[in-house]
Structures are given as C-alpha cells and as structure tokens.
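Below are the chains, spelled out letter by letter.
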Amino acid sequence: MNHKTDRIQTRIDPDLKESVEAIFSQLGLSSGEAIRLFYSQVELTGGLPFPVQLPNSDTIEAIKESQTDTTLSRYQSFSDLRKEEGI
C-alpha cells in the first residue's frame, strides 16, 4: 500500500532550483527523494538537521573579502584544488 498521498507545492527561484537539482543528480537523488530525506532527518533529529544561524561580523567580512579579492585562487571542484596541491 502506498502511503505517499500528501503533496507539497512551493515557489522557488529557477536558478536555485536548477543548481540544486544538478547537485541532487550527482548524488543520485530526485528532488522528491531529497525532500523526503530532509523530512526524515527533521523527524529523526527533532529539528533542522544542520545549524541555522546568522554569520558573525568576522564571517561576513571574510565573505565580502573573498568576493572582491582577485588574488585568491578559485576552483571548479575540490578535486581541482587537490590536483593543484598534489594531493
């Protein structure tokens, strides 16, 4: 018997949706599976399964600096960073 009868509908920025669905795809998950996984983790942990907090002033400054500092190296993936570092 299929107990999956409730639906969730929400509006989301199309660019965010596309970006996140690409990540889900790499993980082998559909959007529906990812949402069910999230709900299961909320139930299991009794709250959000990750910390939610506002960044402190040091973190905000570091984020701003990283966005404007052209001397920082940027990588497409963690693998690319590891290759450059010879790891």
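Residues numbered from 1 in each chain as written. Predicted model: local features only at pLDDT ≥ 70, side-chain atom pairs only at ≥ 80, totals over all residues. Heavy atoms only, no water.

1. A short note on the overall build of the protein
Assigned secondary structure in the protein consists of four helices and zero strands. The C-alpha atoms of the protein give a radius of gyration of 18 Å, which is well past the 12 Å a tight globule of 87 residues would have. Taken along the three principal axes of its C-alpha coordinates, the protein extends 55 × 30 × 25 Å. Across the 87 residues in the protein, those meeting the buried criterion constitute 1%. With the model as given, the accessible surface of the protein reaches about 8500 Å², and the carbon-plus-sulfur share is 53%. Considering the protein, the positive charge centre built from 9 side chains and the negative charge centre built from 14 side chains are found 9 Å apart. (Helix = DSSP H or I, 4+ residues; strand = E, 2+ residues; numbered from the N terminus. Rg over C-alpha atoms; globule rule 2.2 N^0.38 Å. Buried < 20%, exposed > 50% of the residue type's maximum accessible area, 1.4 Å probe, protein only. Areas by Shrake-Rupley, 256 points an atom, 1.4 Å probe, with all protein chains shown as cover. Lys, Arg positive; Asp, Glu negative; His and termini not counted. Charge placed at Lys NZ, Arg CZ, Asp CG, Glu CD.)

2. With respect to a nonpolar patch on the surface
On the surface, a cluster of nonpolar side chains totalling about 710 Å² of accessible area is made up of Ile8, Ile35, Phe38, Tyr39, Leu48, Phe50 and Val52. Within the element layout of this structure, Leu48 appears in the loop between α2 (31-45) and α3 (57-68). (Patch = residues over 30% accessible without salt bridge, like charges linked within 9 Å, V, L, I, M, F, W, Y side chains within 5 Å. Salt bridge = Lys/Arg side-chain N within 4 Å of Asp/Glu carboxyl O.)

3. Notes on the environment of Asp6
With respect to the helices and strands, Asp6 occurs in the segment before α1 (14-27). Between the C-alpha atom of Asp6 and that of Leu72, which follows or precedes it by 66 residues, the distance is 47 Å.

4. Some words on the pattern of salt bridges
Inspection of every chain in the model, using the stated rule, returns one salt bridge. Residue Lys17 is joined to Glu21 by a salt bridge in which the shortest nitrogen-to-oxygen separation is 3.3 Å. Highlighted residues: Lys17 and Glu21, both in helix α1, separated by four residues, approximately one helical turn. Residue Lys17 is classed as partly exposed on the basis of its relative accessible area, which comes to 40%. Using a relative accessible area of 30% as the deciding quantity, one classes Glu21 as partly exposed.

5. Quick word on the confidence of the model for the protein
Here the protein averages 90 in pLDDT, while 98% of its residues score no lower than 70. By mean pLDDT, the top-scoring element of the protein is α2 (96), and the lowest-scoring one is helix α4 (residues 78-85) (88). (pLDDT = per-residue confidence, 0-100.)

6. Considerations on the packing of aromatic side chains
Applying the stated criterion to the full structure yields two aromatic pairs. An angle of 70° between the planes, with centres 6.2 Å apart, marks the rings of Phe38 and Tyr39 as edge-to-face. The rings of Phe38, Tyr39 and Phe50 are connected pair by pair, giving a single aromatic cluster. (Phe/Tyr/Trp six-rings, centres within 6.5 Å; stacked < 30°, edge-to-face > 60°.)

7. Focus: the layout of surface pockets
The rolling of a water-molecule-sized probe over the atoms marks out the regions of remaining empty space. The computed volume of the largest pocket comes to approximately 790 Å³. Around the largest pocket sit 20 residues that line it, and Ile8, Ser31, Gly32, Ile35 and Arg36 are the ones nearest its centre. Listing elements by their share of the lining of the largest pocket, those giving two or more residues are α1 and α2. Ranked by residues supplied to the lining of the largest pocket, first place goes to α2 with six residues. Within the lining of the largest pocket, the residues separate by chemical class into eight nonpolar, six polar and six charged. (1 Å grid on protein atoms, 1.4 Å probe; cavity = no way out; pocket = protein on both sides within 12 Å on 5 of 7 lines; lining within 4 Å. Points joined across faces, edges and corners; volume = space filled by probe spheres on them. Nonpolar A, V, L, I, M, F, W, Y, C, P; charged D, E, K, R; others polar.)

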